[in-house]
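# Reading the structure
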Amino acid sequence: MPVVNRIADYAEDMKTWRRYLHQHPELQFECHQTAAFVADKLREFGVDEIYEGIATSGLVAIINGQGDGPTIGLRADMDALPMAETTGLEHASTVEGAMHACGHDGHTTMLLGAARYLAETRKFSGRVALIFQPAEEGGGGADVMVREGIMETFSIREVFGIHNVPGLDVGHFYSKPGPIMAAVDTFHINIQGRGGHGAYPQETADPIVAAVGIVNAIQTIISRNHDTRNEAVCSVTMLHSGSADNVIPDTAYVGGTIRTFTPEVQDMIHARLREIAEGQAASYGASANVEIEIGYPATVNDPDKVTFAAAVAREVSGEDAVNPDTGMEMGAEDFSYMLNARPGAYFFLGQGEGAGLHNPNYDFNDEVSPVGASFFARLVETAQPLT
């Protein structure tokens, strides 16, 4: 695999960094130890500027190239997940109830590898802004960094990110023009009935029967109200009610997730959820209150940036290892906020066989760190070549 030779020399160092990060996971916006580790490495590499405390614990580092030119942004997420690790590895998490089960330790390591190389060689014009972001796993750290003005403050013209993929061959890349990951919303339906003795249901307004009716009717949104040529998901994932076998309760709760790619489909599902929940509940003599939490927007790649980045990926991994027009995915990603602010592209990088993301047995494959670092570095050198 023709990774940048100098970056290949960093492979053992990157493994050491990544495994340290894996042992010390941090959650949401509280990535202070991780950010301090990153900042120390960046100072060691000789980057020109470091700006800390963005979105609580995020940071942006600047490396100046040779001569005038624009600024390209490269992003890595730093936070872990609130779950216990079961790998039994020597470098397993030392923090109870937290682990890097999504590979953000690897993403941070790849960007650090690129930073070391770019600070050392500076074979580009303009500047590169290295964005180390907290709170991707809920919290929308990317949104906060954008709202705190990183794009304007650092004059970032375009932005790129990577995510690892278990099950895809090591070093293989894929992406697509336009929407690649879904918008995610969460719905909460609270049903108010009238409880009573289970032996006398005629004296109640049973919220459980209403909840079941709502759940069944929700299944018609995608099958009967949605154009199947557009991808969408509306999944009920929770139904809670009751506390005793002979008591009909007063209330019930139905919750779930919505995944869409366009505002029109998103609005339709929201409207139908409200109509169905309220109408079904009323038909059973109950009432329903629907709350919808608007989450991350769809991740939408700029087509020209996908074409450009795919060409760079081919330089790194070879012609047959890059798919620039894959299908859309129903997962969500807060890099979407950065792509809403600036044109760019989000690419996936294969890390070979192993446990899937968000699995307690997951571990990032250190073999792909030089690949991702080379991709980041070559994006900068190709986008902003020396003249």
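A brief look at the structure comes next. (Residues numbered from 1 in each chain as written. Predicted model: local features only at pLDDT ≥ 70, side-chain atom pairs only at ≥ 80, totals over all residues. Heavy atoms only, no water.)

### Some remarks on the environment of V128
Inclusion rule: Secondary structure elements follow DSSP: runs of H or I no shorter than four residues count as helices, runs of E no shorter than two count as strands, and numbering proceeds from the N terminus. Relative accessibility thresholds used throughout: buried, under 20% of the residue-type maximum; exposed, over 50%; partly exposed, between the two (1.4 Å probe, protein chains only). Two residues form a contact once any of their heavy atoms are found within 4.5 Å.
For V128, the location among the structural elements is in strand β4 (residues 127–133). Classification of V128 by relative accessible area gives buried; the value is 0%. V128 sits 253 residues away from E381 along the chain, and the two C-alpha atoms are 9.8 Å apart. Once residues lying within four places of it in the same chain are set aside, the contact partners of V128 are A61, I62, I63, T71, I72, L74, L118 and V380.

### Here we look at the pattern of salt bridges
Rules: Think of a salt bridge as a Lys or Arg side-chain nitrogen and an Asp or Glu carboxyl oxygen that are within 4 Å of each other.
What the rule picks out here adds up to 24 salt bridges. Across the pair E319 and R314 runs a salt bridge, and its minimum N-O distance is 3.3 Å. By relative accessible area, E319 is classed as exposed at 57%.

### A closer look at the sheet that holds strand β15 (residues 322–323)
Note the following rule: When DSSP finds two or more bridges between a pair of strands, those strands are recorded as paired. Between the N-to-C directions of two axes lies an angle of 0 to 180 degrees, each axis being a line fitted to C-alpha atoms and, for a helix, fitted only over the stretch in contact.
Here eight strands make up an open sheet; going across it, the order is β1-β2-β4-β3-β5-β16-β6-β15 and the pairing mixed. The sheet is open, and its two borders are formed by β1 (49–54) and β15, each paired with just one other strand. The pairing of strand β3 (residues 71–77) with β4 spans seven bridges and is classified as parallel. Paired with G73 across the bridge in β4 is A129. Running over the sheet, helix α11 (residues 369–383) touches β3, β4, β5 (156–165), β6 (173–174) and β16 (344–350) and is turned about 160 degrees from β5.

### Let's talk about the packing of aromatic side chains
Defined as follows: Note on ring pairs: Phe, Tyr and Trp rings are taken, using the six-membered ring of Trp, and paired if centres are within 6.5 Å. Classes follow the plane angle, with under 30 degrees stacked, over 60 edge-to-face and the rest tilted. We call a charge positioned above a ring when the Lys NZ or Arg CZ atom is no farther than 6 Å from the ring centre and deviates by at most 35 degrees from the ring normal.
Tallied over the entire structure, the rule returns eleven aromatic pairs. Residues Y174 and F348 carry aromatic rings whose centres are separated by 5.0 Å and whose planes lie at 20 degrees to one another, so their mutual orientation is stacked. Separated by 174 residues along the polypeptide, Y174 in strand β6 and F348 in strand β16 bring together distant segments of the chain. An identical accessibility class is assigned to Y174 and F348; each is buried. Considering the side-chain rings of Y346 and F348, the 5.4 Å spacing of their centres and the 80 degrees angle between planes classify their relative orientation as edge-to-face. The pair Y346 / F348 is uniform in exposure class, with both members buried. A connected cluster of aromatic rings, assembled from ring pairs, spans F173, F347, F375 and F376. Stacked on the ring of Y10, the Lys or Arg R116 has its end atom at 4.2 Å from the ring centre.

### Brief notes about the state of the cysteines
Covalent bonding between the sulfur atoms of two cysteines is what defines a disulfide. Convention followed: Here, a disulfide means two cysteine sulfur atoms that sit within 2.5 Å of each other.
Within this structure, the stated rule accounts for zero disulfides. C102 takes part in no disulfide bond, and the closest cysteine sulfur, belonging to C31, lies 13 Å away. Note on C102: relative accessible area 7%, which makes it buried.

### What about unusual backbone geometry?
Look at A135: it is not a glycine, yet its phi comes out positive at around 60 degrees. Classification of A135 by relative accessible area gives buried; the value is 0%. Even without glycine at this site, S155 takes up a positive phi of about 50 degrees. Here S155 lies in the loop between α6 (150–153) and β5. Take S155: its relative accessible area is 47%, and that puts it in the partly exposed class.

### Digging into the sheet that holds strand β12 (residues 251–260)
Strands sit in the order β10-β12-β8-β13 across an open sheet of four strands; the sheet is antiparallel. Strands at the two margins of the open sheet, each flanked by one partner only, are β10 (233–241) and β13 (287–294). The mean inter-strand angle of the sheet, taken between neighbouring strand axes irrespective of direction, is 20 degrees. As defined by bridge partners, strand β8 (residues 183–192) adjoins β13 across eight bridges and the pair is classed as antiparallel. Bridged to Q192 within β13 is S287. Contacting β8, β10 and β12, helix α7 (residues 207–225) runs over the sheet at an angle of about 175 degrees to β10.

### Here's the deal with a nonpolar patch on the surface
So the rule is basically this: By definition, no residue in a patch forms a salt bridge, and every one has over 30% relative accessible area; like charges are joined within 9 Å, nonpolar side chains (Val, Leu, Ile, Met, Phe, Trp, Tyr) within 5 Å. Note on areas: Shrake-Rupley, 1.4 Å probe, and residue coverage restricted to the protein chains presented here.
Nonpolar side chains collect at one region of the surface, where I208, V212 and L239 lie side by side and expose about 210 Å² of accessible area between them. Of note, I208 is situated in helix α7.

Everything listed here is a matter of coordinates, which is why it stays silent on function.
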